[in-house]
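# Structural description and commentary
Each chain, written out:
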Amino acid sequence: MKNGTERSITAQNILIAVGGRPRYSPIPGAVEYGITSDDIFSLGREPGKTLIVGAGYIGLECAGFLKGLGYDATVMVRSVVLREFDQQMAEIIKDSMVERGIKFLFTTLPNSVEKQSDGRFQVKWTNSKTGEEGSDIFDTVLFAIGRKGLVDDLNLDAAGVEVKNDKIVASESEQTNIPHIYAVGDILHGKPELTPVAIHAGRLLARRLFSGSTQFMDYTNVATTVFTPLEYSCVGLSEEVALQKYGEENIEVFHGFYKPTEFFIPQKSVRYCYLKAIAERSGDQKVLGLHYVGPVAGEVMQGFAAAVKAGLTMKILLNTVGIHPTTAEEFTRLSITKRSGLDPTPATCCS
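What counts and what doesn't
- Residues numbered from 1 in each chain as written.
- Predicted model: local features only at pLDDT ≥ 70, side-chain atom pairs only at ≥ 80, totals over all residues.
- Heavy atoms only, no water.
- UniProt positions renumbered as here; feature names shortened; annotations may be inferred.
- Pairing = 2+ DSSP bridges.
- Helix = DSSP H or I, 4+ residues; strand = E, 2+ residues; numbered from the N terminus.
- Axes fitted to C-alpha atoms, helices over the stretch in contact; angles between N-to-C directions.
- Domains from an automatic or database assignment.
- Contact = heavy atoms within 4.5 Å.
- Buried area = accessible area lost by both parts, 1.4 Å probe.
- Salt bridge = Lys/Arg side-chain N within 4 Å of Asp/Glu carboxyl O.
- Buried < 20%, exposed > 50% of the residue type's maximum accessible area, 1.4 Å probe, protein only.
- Phe/Tyr/Trp six-rings, centres within 6.5 Å; stacked < 30°, edge-to-face > 60°.

- In the nomenclature of an unreviewed UniProt entry, the chain is known as Thioredoxin reductase 1, mitochondrial of Ceratitis capitata.
- Regarding the chain, the relevant UniProt record gives this comment under Cofactor (unreviewed entry): "FAD".
- Under the heading Sequence similarities (unreviewed entry), UniProt records this for the chain: "Belongs to the class-I pyridine nucleotide-disulfide oxidoreductase family."

Structure (structure tokens):
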């Protein structure tokens, strides 16, 4: 216990749901002088000029809102932006952020963080492609390079629970190799690290254990949104995974740019508003993935996510009457395929 006393607890079933915490780079000064996304909202000062190390969704979201608040934001990218996402959409998000004045250091790894006499921090880095070294001074250095499962303090070896790296291995029923020990959430190996996933999996597990339910968590086709200044939402397969899994000759990609009505009066840039549907090429063309960059992306994708889980096809989608004028209706208007080579740019104000 926190007061130093020990306590022993026994139970018929044990659920491990300890989640994870952000990692720091294993470089000098990272832990001493850096912060993570857990700390950014509790800073006792303005963040000022900020370096964000990491280009996953957390890193890009932090860079986006810091720039929106008027601070200089630079993102350090080890390999590619949004590595686990569709790379065409990731490039669009990156380009839209560059347009807003967010800086990027590509293929770059940090070497050290050193505190200066004025309280600011010098970060030294190396470009992994060219070998060129560089440095700059920042007010805040934020690490967003992933999260570590909190298994170290659990002494799971004593119970014989199988662990892989810093995550717990479990079956599709969230059951570990020890029958009465279960795990849900970010601590699970190979499962989406999303809060709604953990909540839903925990709810279904409780119903199976105590209410006689037989329903299991479906970890496929989980929709998610990257809350960058121009939002990106998706459900299902990326184009890369679909092509790898089914082959180029069996995949059709419908795509198009569009012009959101709400961008007209404030004269916001519509250059990067884009969406696509990835479908099987044969039959009614089952939809394998939907991707959308634009305003209120999460609101748009939530309903389509249910449709995809229900077996949405392009035949059904294109026979659906859109609600005008919305951005969601653009999915019902997709008629141009990448295979056709036709220009997906709209010719009129309403796409």
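Moving on from the model shown.
### Considering the sheet that holds strand E16 (residues 231–236)
- Sheet architecture is open: five strands sit in the order E15-E16-E19-E18-E17, paired in antiparallel fashion. A strand with exactly one partner marks an edge of an open sheet, and here the two such strands are strand E15 (224–226) and strand E17 (251–257). On average, adjacent strands in this sheet sit at an angle of 10° to one another, irrespective of strand direction.
- As paired strands, E16 and strand E19 (residues 287–294) are joined by six bridges and run antiparallel to one another. Paired with Val235 across the two strands is Leu290, which belongs to E19.

### Concerning the domain arrangement of the chain
- In terms of domains, the chain is made up of domain 1 (14–19 + 150–211), domain 2 (21–147) and domain 3 (223–340).
- Placing a centre on the C-alpha atoms of domain 1 and another on those of domain 2 gives a separation of 31 Å.
- Listed as interface residues are five residues of domain 1 and, on the opposing side, four residues of domain 2.
- For the domain 1 face of the interface with domain 2, the top three residues by lost area are Leu150, Asp166 and Glu193, together amounting to 68%.
- Taken together, the connections running from domain 1 to domain 2 amount to one salt bridge.
- In this structure, Arg23 engages Asp166 in a salt bridge whose closest nitrogen and oxygen atoms are separated by 2.4 Å.

### Overview of the sheet that holds strand E7 (residues 108–115)
- With respect to topology, three strands assemble into an open sheet ordered E7-E8-E9, the strand pairing being antiparallel. At either margin of the open sheet sits one strand with a lone partner, and together these are E7 and strand E9 (133–138). Going from strand to strand, the sheet's axes swing by 25° on average, the running direction of each strand aside.
- Across six bridges, strand E8 (residues 121–127) lies against E9 in antiparallel orientation. By the bridge assignment, Val123 is partnered in E9 with Asp136.

### Side note on the pairing of strand E18 (residues 274–280)
- For E18, the tally of buried residues reaches six of seven residues, placing the bulk of the element in the interior.
- Alignment of E17 against E18, held across seven bridges, turns out to be antiparallel. By the bridge assignment for E18, Ile251 is matched with Glu280.
- Bridge analysis of E18 against E19 gives six bridges, and the strand direction is antiparallel.

### What to know about the packing of aromatic side chains
- Counted according to the given criterion, the structure contains nine aromatic pairs.
- Ring geometry for Phe41 against Phe65: centres 5.2 Å apart, planes inclined by 20°, an arrangement best described as stacked. Placement of the pair is Phe41 in the loop between strand E3 (35–36) and strand E4 (50–53) and Phe65 in helix H2 (residues 57–68), with a sequence separation of 24 residues.
- With relative accessibility at 26%, the residue Phe65 sits in the partly exposed group.
- A ring pair is formed by Phe85 and Tyr232, whose centres lie 5.9 Å apart and whose planes are at 65°; its orientation type is edge-to-face. Taken together, the residues span a long stretch of sequence, with Phe85 in the loop between strand E5 (73–76) and helix H3 (87–99) and Tyr232 in strand E16 at a distance of 147 residues. We note that Phe85, like Tyr232, is buried.

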